[in-house]
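Fold and geometry: a report
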Amino acid sequence: MAVSMTTLTSSLSSLSFSSKISHEPRAALSFSRSKNPLLSSTAEVKTTARLVVKASSAAVAEPSEAVDVEEPVNLMKYVKSRLPGGFAAQTIFGTGRRKCAIARVVLQEGTGKVIINYRDANEYLQGNPLWVDYVKYPLMALGYETSYDVFVKAHGGGLSGQAQAISLGIARALLKVSEIHRAPLRREGLLTRDSRVVERKKVGLKKARKAPQFSKR
């Protein structure tokens, strides 16, 4: 269908448009900050949990009065109580030497404790199994590893030399117990004083015998 221009213009003229724009300010929106009950409850739970944790940690930190803490054994007092009058006043003793080390040894009937310079033998010898075997071998050779307590004063040299000096001192002290021990100890080579020491450095050399490299030209 063909629409005439006159009908279109008449229909458009019938329509009315308002060009007025209202410049009135819009009403401000107001939001009330209401407390969230869920958030407040969780915050209260957290604070109470913190209080409970602090209270439990304080209860753990405070030691109970009923528990008795044992004090560490003072080996110096123990040795002085076992050796009245000191090392020089004892009857079963022996002196051993190796390199620059000197060890004075006292034997007493006991359970096999070895105390060196007021310290346990394993602690003093740093747990080295070879050095500990040096100390215990004379008693083990005679089957006395749990029959005597050994008290030692050692000085000079290193731990290796001191361990071998203690071995010789124990072997010599066992001779004071009985002369029957001489044959088995001699058989094991425990009564021989090892006289080997470090050879001194010579003038013009780097060590005892090591010389600097020779250059012909």
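Since this is a predicted model, take the numbers as computed values, not measurements. (Residues numbered from 1 in each chain as written. Predicted model: local features only at pLDDT ≥ 70, side-chain atom pairs only at ≥ 80, totals over all residues. Heavy atoms only, no water.)

1. With respect to the confidence of the model for the chain
If pLDDT is low for a region, its predicted coordinates should not be looked at in detail. Basically, it comes down to this: Per residue, pLDDT measures the predictor's confidence, with a range of 0 to 100. Pairs of residues are marked as contacts when any of their non-hydrogen atoms sit within 4.5 Å.
The predicted model of the chain averages 79 in pLDDT, with 66% of residues at 70 or higher. Predicted confidence for residues 45-49 stays below pLDDT 50, and this span has zero contacts to residues more than four positions away or in other chains. Low pLDDT, under 50, characterises residues 51-72; the stretch is placed with zero contacts to residues that sit more than four places away or in other chains.

2. Focus: the environment of lysine 153
Basically, it comes down to this: To qualify as a helix, a DSSP run of H or I must reach at least 4 residues; to qualify as a strand, a run of E must reach at least 2; elements of each kind are numbered from the N terminus. Think of it in three bands: with a 1.4 Å probe and only protein chains considered, a residue is buried below 20% of the maximum accessible area for its type, exposed above 50%, and partly exposed in between.
Looking at the element boundaries, lysine 153 is found in strand β5 (residues 148-155). Note on lysine 153: relative accessible area 38%, which makes it partly exposed. Counting along the chain gives 66 residues from lysine 153 to phenylalanine 87, while the straight-line C-alpha distance between them is 8.5 Å. Among all residues touching lysine 153, those that are not within four sequence positions of it are Phe87, Ile102, Ala103, Arg104, Asn117 and Tyr118.

3. Some points on the sheet that holds strand β4 (residues 119-120)
For the record, the criterion: At least two DSSP bridges between two strands are required for those strands to pair. Axes here mean lines fitted to C-alpha atoms, for a helix over just the part in contact, with angles spanning 0 to 180 degrees between N-to-C directions.
In spatial order, the strands read β1-β2-β5-β3-β4; together these five strands make up an open sheet with mixed pairing. The strands lining the two open edges of the sheet, one partner per strand, are β1 (93-98) and β4. With three bridges connecting them, strand β3 (residues 114-116) and β5 associate as parallel partners. From the neighbouring strand, isoleucine 115 faces β5, where its bridge partner is phenylalanine 151. Against the sheet, helix α3 (residues 75-82) touches β2 (101-109), β3, β4 and β5, its axis set at about 115° to β5.

4. Focus on the nonpolar core
Just so we agree on the cut-off: Among buried residues, the Ala, Val, Leu, Ile, Met, Phe, Trp, Tyr and Cys ones that are joined through side-chain atoms within 4.5 Å form a nonpolar core.
With 29 residues, the main nonpolar core has Ile116, Leu125, Val150, Val152, Ile166, Ile170 and Leu185 as its most contacted residues. Broken down by secondary-structure element, the contributors of at least two residues to this core are β2, β3, α4 (121-124), α5 (129-142), β5 and α6 (159-177). With eight residues, α6 is the single largest residue contributor to this core. Apart from residues no more than four positions distant in its own chain, isoleucine 116 is found in contact with Ala121, Tyr124, Leu125, Val152 and Ile166. Counting six residues, the second-largest nonpolar core is a separate cluster that includes Leu83, Val106, Ile115 and Phe151.

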